[in-house]
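Remarks on the overall topology
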Amino acid sequence: MFKQITAAEAAAMIAPHSRLAIGGFLAVGAPEGLIDAIVATGTKDLHIIVIASDWEDRGIGKLVVNHQVKSAQVSHLGTNREIQAQMNSGEVAIELVPQGTLMERVRAYGAGLGGILTPTGIGTVVEEDKQIISIEGKDFILEPAIPSDFALVRAWKADRCGNLIFRKTARNSNPIMAMAGRITIAEVDEIVECGEIDPEHVVTPGVFVNYIVVREEVKNG
Amino acid sequence: MFKQITAAEAAAMIAPHSRLAIGGFLAVGAPEGLIDAIVATGTKDLHIIVIASDWEDRGIGKLVVNHQVKSAQVSHLGTNREIQAQMNSGEVAIELVPQGTLMERVRAYGAGLGGILTPTGIGTVVEEDKQIISIEGKDFILEPAIPSDFALVRAWKADRCGNLIFRKTARNSNPIMAMAGRITIAEVDEIVECGEIDPEHVVTPGVFVNYIVVREEVKNG
Amino acid sequence: MDKRAMIGARIAKELKDGDYVNLGIGLPTEAVNHIPEGVHVTFQSENGIMGTGPKPAEGMEDEDMINAGGGYITALKGASFFDSALSFAIIRGGHVDVTVLGALQVDQHGNLANWIIPGKLVPGMGGAMDLVTGAKKVIVAMEHLDKKGNSKVLKQCTLPLTAKGLLSLIVTDMAVMEVTPQGLLLREVTEGFTVEDVVRATEAELVIPSHLLDKD
Amino acid sequence: MDKRAMIGARIAKELKDGDYVNLGIGLPTEAVNHIPEGVHVTFQSENGIMGTGPKPAEGMEDEDMINAGGGYITALKGASFFDSALSFAIIRGGHVDVTVLGALQVDQHGNLANWIIPGKLVPGMGGAMDLVTGAKKVIVAMEHLDKKGNSKVLKQCTLPLTAKGLLSLIVTDMAVMEVTPQGLLLREVTEGFTVEDVVRATEAELVIPSHLLDKD
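Quick caveat: nothing in here was measured; it's all calculated off a predicted structure.

**Details of the overall build of chain A**
Looking only at helices and strands, one finds 6 helices and 14 strands in chain A. Over its C-alpha trace chain A gives a radius of gyration of 17 Å, about what one expects of a compact globule, namely 17 Å for 221 residues. Relative to its 221 residues, chain A shows a buried fraction of 64%. Across chain A, the fraction of contacts at a sequence separation of at least 24, relative to all contacts at a separation of at least 6, is 71%. When the accessible area of chain A is evaluated, it comes to approximately 7400 Å², of which 46% is carbon and sulfur surface. Both charge centroids of chain A, one from 20 positive and one from 28 negative side chains, sit 2 Å from each other.

**Thoughts on the confidence of the model for chain A**
Per-residue pLDDT for chain A averages 96, and the proportion of residues at 70 or more is 98%. The low-confidence segment residues 217–221 of chain A (pLDDT under 50) makes 8 contacts with residues lying over four places distant or belonging to another chain.

**Observations regarding the sheet that holds strand S2 (residues 42–45) of chain C**
All names here are of chain C. Within the open sheet, the 10 strands sit side by side as S4-S3-S2-S1-S5-S8-S10-S11-S12-S13. Their pairing is mixed. Each end of this open sheet is capped by a strand with a single partner; those strands are strand S4 (74–81) and strand S13 (206–207). With 4 bridges joining them, strand S3 (residues 49–53) and S4 adopt antiparallel strand pairing. For Ile49, the partnering residue across the bridge sits in S4 and is Phe81. Where helix H2 (residues 84–92) meets the sheet, it contacts strand S1 (20–23), S2 and S3, and its direction lies at approximately 125 degrees from that of S2.

**Details of unusual backbone geometry**
What is expected of a backbone is that most residues other than glycine have negative phi and most peptide bonds are trans. All names here are of chain B. In this model, Glu136 sits at a positive phi of 50 degrees, which is unusual for a non-glycine residue. In this fold, Glu136 is placed in the loop between strand S7 (132–135) and strand S8 (138–144). Owing to a relative accessible area of 82%, Glu136 belongs among the exposed residues under this scheme. Even without glycine at this site, Lys168 takes up a positive phi of about 50 degrees. Of note, Lys168 is situated in the loop between strand S11 (164–165) and helix H6 (174–180). A relative accessible area of 26% places Lys168 in the partly exposed class.

**Some remarks on the packing of aromatic side chains**
Counted under the stated rule, the structure contains 0 aromatic pairs over all chains. Just above the ring of Trp156 of chain A sits the side chain of Lys157 of chain A; from NZ or CZ to the centre is 4.7 Å.

**Considerations on the side chain of Ser71 of chain A**
Residues and elements named next belong to chain A. Mapping Ser71 onto the fold places it in strand S4 (residues 69–76). Separated by 2.7 Å, the side chains of Ser71 and His47 make a polar contact. In this view, Ser71 contacts Leu46, His47, Ile48, Val92 and Ala93; residues no more than four positions away in its chain are not counted.

**Thoughts on the environment of His109 of chain D**
All names here are of chain D. Looking at where His109 falls in the secondary structure, it is placed in the loop between strand S6 (105–107) and strand S7 (112–113). Taking the C-alpha atoms as reference points, His109 and Lys77, separated by 32 residues in sequence, lie 40 Å from one another. Ignoring anything within four residues of it in the chain, the contact list for His109 reads Lys155, Gln156, Gly165 and Val179. There is a polar contact of 3.4 Å between the side chain of His109 and the side chain of Gln156.

**Focus on the side chain of Arg154 of chain A**
All names here are of chain A. The topology assignment puts Arg154 in strand S9 (residues 150–154). Arg154 sits in the buried class, given a relative accessible area of 14%. A distance of 2.9 Å separates a polar atom in the side chain of Arg154 from a polar atom in the side chain of Asp189. If sequence neighbours within four positions are ignored, Arg154 has contacts with Gly29, Ala30, Pro31, Phe166, Ala170, Asn174, Glu187, Val188, Asp189 and Arg215.

**Observations regarding the interface of chain C and chain A**
Each partner contributes to the interface: chain C provides 19 residues, whereas chain A provides 20 residues. Approximately 1600 Å² of surface area, both sides summed, lies buried where chain C meets chain A, with 63% of it carried by carbon and sulfur atoms. Our count for the contact surface shared by chain C and chain A stands at 0 salt bridges. The interface formed by chain C and chain A holds 7 residue pairs in polar contact (both at pLDDT 80 or more) in total. With 6 residues, H2 of chain C is the largest single contributor of residues to the side of chain C that touches chain A.

**Structural notes on H2 of chain C**
All names here are of chain C. The buried fraction of H2 is high, at 9 of 9 residues. For H2, the set of buried residues is Ser84, Ala85, Leu86, Ser87, Phe88, Ala89, Ile90, Ile91 and Arg92. The distance from a side-chain oxygen at the start of H2 to the backbone nitrogen of Ala85 is 2.8 Å, and the residue carrying that oxygen is Asp83. Phi turns positive one or two residues past the end of H2, at Gly94, with a value near 80 degrees.

The rules behind each value
- Residues numbered from 1 in each chain as written.
- Chains lettered and ligands numbered in written order.
- Predicted model: local features only at pLDDT ≥ 70, side-chain atom pairs only at ≥ 80, totals over all residues.
- Heavy atoms only, no water.
- Helix = DSSP H or I, 4+ residues; strand = E, 2+ residues; numbered from the N terminus.
- Rg over C-alpha atoms; globule rule 2.2 N^0.38 Å.
- Buried < 20%, exposed > 50% of the residue type's maximum accessible area, 1.4 Å probe, protein only.
- Contact = heavy atoms within 4.5 Å.
- Areas by Shrake-Rupley, 256 points an atom, 1.4 Å probe, with all protein chains shown as cover.
- Lys, Arg positive; Asp, Glu negative; His and termini not counted.
- Charge placed at Lys NZ, Arg CZ, Asp CG, Glu CD.
- pLDDT = per-residue confidence, 0-100.
- Pairing = 2+ DSSP bridges.
- Axes fitted to C-alpha atoms, helices over the stretch in contact; angles between N-to-C directions.
- Phe/Tyr/Trp six-rings, centres within 6.5 Å; stacked < 30°, edge-to-face > 60°.
- Lys NZ or Arg CZ within 6 Å of the ring centre and 35° of its normal.
- Polar contact = N/O pair within 3.5 Å; in protein donor to acceptor, adjacent residues only side chain to side chain.
- Buried area = accessible area lost by both parts, 1.4 Å probe.
- Salt bridge = Lys/Arg side-chain N within 4 Å of Asp/Glu carboxyl O.

Quick look at the structure:
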């Protein structure tokens, strides 16, 4: 069962060198309140696992601009010049991961799998230094699960049982990241009573959720 | 876009030696109309991929009783004496697969992955003759994707765009099997108009569905 | 209370408020009837539901509402339905706090055998291997002796294993034993039995704390 | 029609009724405006929607409704939302019939480079590698020459590859080329250009069917 906390309390749990799996796609569906709270703590040397590096003033871009990110596993940097500059200067270590591979590697960790075999990246630099496994004559790259300490996700609503639903394309990586955190913190618009979300419509069952932050409390964060 | 056909037409597509991934758990959520239609064709030497072998008179048990099954990848046989007898006599070749591993291997095929690494079965007979991969000091079994020619699933409703929703615990393996068939055939109670299923509530997007059979047409099948 | 109810009651005491719990079919389900007051746990059934409720009233059964044992169930408020892959992601990924399973044999290395008697009975492992591998705490619920009076608590399992070294606790009609790096620690002896009774009924080596000996 | 619209219109002709299609950002999206009458295709955006509709009217934008390029979209009736893992299961699993992507370079072996210019531009591959690996048919939409007038259709890509040997068709402002085991087959020359123009603008070897030569 989850505990309701504030964004500041959530951010205070995150120590330097924590590995953060953060939901969102180009900042849509990003847990902005949690990100703002982490910016406020200034905690450094974070490792982030994200689909994209967003913009300088939206999504995880804010952590980059504030020099809190030491390394990242990410599929796309194209919208954020600051992370490209920090990569070129050596401040941030980047592992570029194909988006589908990234999702499966994060999901694998949440699902207790050690990794997956994917054809994506065969014949490209992505396969370098990785084990290639041939199944029925077809080559696959062995990609290990990506561990994370905290998953920070944005949902639309939670119920008091911790079940989450998302809104339109703001769902994106959030349900996958939510599976993967040793501690999963969800930022939501509101918490409704158990039973108000139809069991058929639950996207992320409450078993994955440890803490919930209600967004209106952090609107000015 | 799917094509609507009858159960008999669906069954007629299935040739001997076809590999069938069939949804259901102890026959709940099994596509009984499709199974009955396959029983009617008598097509032999089928390979079935199922969670459980159900009962002699329900679910895939009917295919076994009718001696149509040559081999199976399955996690549980406990409710079906006939399949145990056929296994003991050598008529049916059984690969017992832990249920979670079975689901991931089927999902892997549907998701274009070559396989997954799982800790389940380490230290047991399940690991025999399989490649063990160590990740960060922990051993995992490399389990290859399970290919299938047809996925036969049971859903509650489809819309004209092929999107499926399921009913309660009859969902079980159906959405996973539906991902994996080269040809996926869904048996449903009814087909509603596009838009009648909320896009947020779709469980299996129509892109996975090739044919739909409406159940009432096959009720006496 | 009969034997099975007693085992169920003892297991229920291991469940903590807020736990997510998966009960195997048969004996383990006895625990449901003995959850202590004030302890709220959520039950998963691996066929695809979190938040199972009690058996439906007669005539109220829903064909599409079963648990992993095939029995009719209801759903509590706040339940969720999901597919089998997500269900086992929950299990294998370590999100289930406690699983309780039956056993044919257990041993002092924390091994469990409960899915096959070669040549005799081949039900298959179903979800048991994933449950034992993935759950944070694995409890076995079983009778101490088999029908022939032989110990089911062995030095070494002779049947094919369900999982290797992953048991936490063994609860029988005679005793409660904890799997520790030092071996099976005898934690409790059921009223009506002596430590000696348990030792006699146990093929495995037991580590016996002195306060239990004093009690005799 | 301008160059980009022309490329879009040509690509649209490759789409068949019932196809599930994923269009990369930029030039490929031009195809949307030219779908032939009677052809119904469903568009996926890999951030998690099948069944995208046209841009919303001004003032009707929904912050939670974007495509993979970050542009505001709508959803058609019969659309579905899903998470990114399922989205890429659809892509990698071969359930998308056609994907159309832009390119920095392509070559006569069916290779594509479109995600990095080492030392200069490192946007990352995003979903492109999965799309090229998984889609049944991979079409490149690009201008034939780069801004300096150099051919983008090479004997061998010099930039790091997005995927190896997986292209089906290359549509440029000058020509349509099919990737075949025999090399790049020139299928069409855009009106206003000659075969010679195309050959001159193409570093790759081209296989030219005689009927195209006759036309000159």
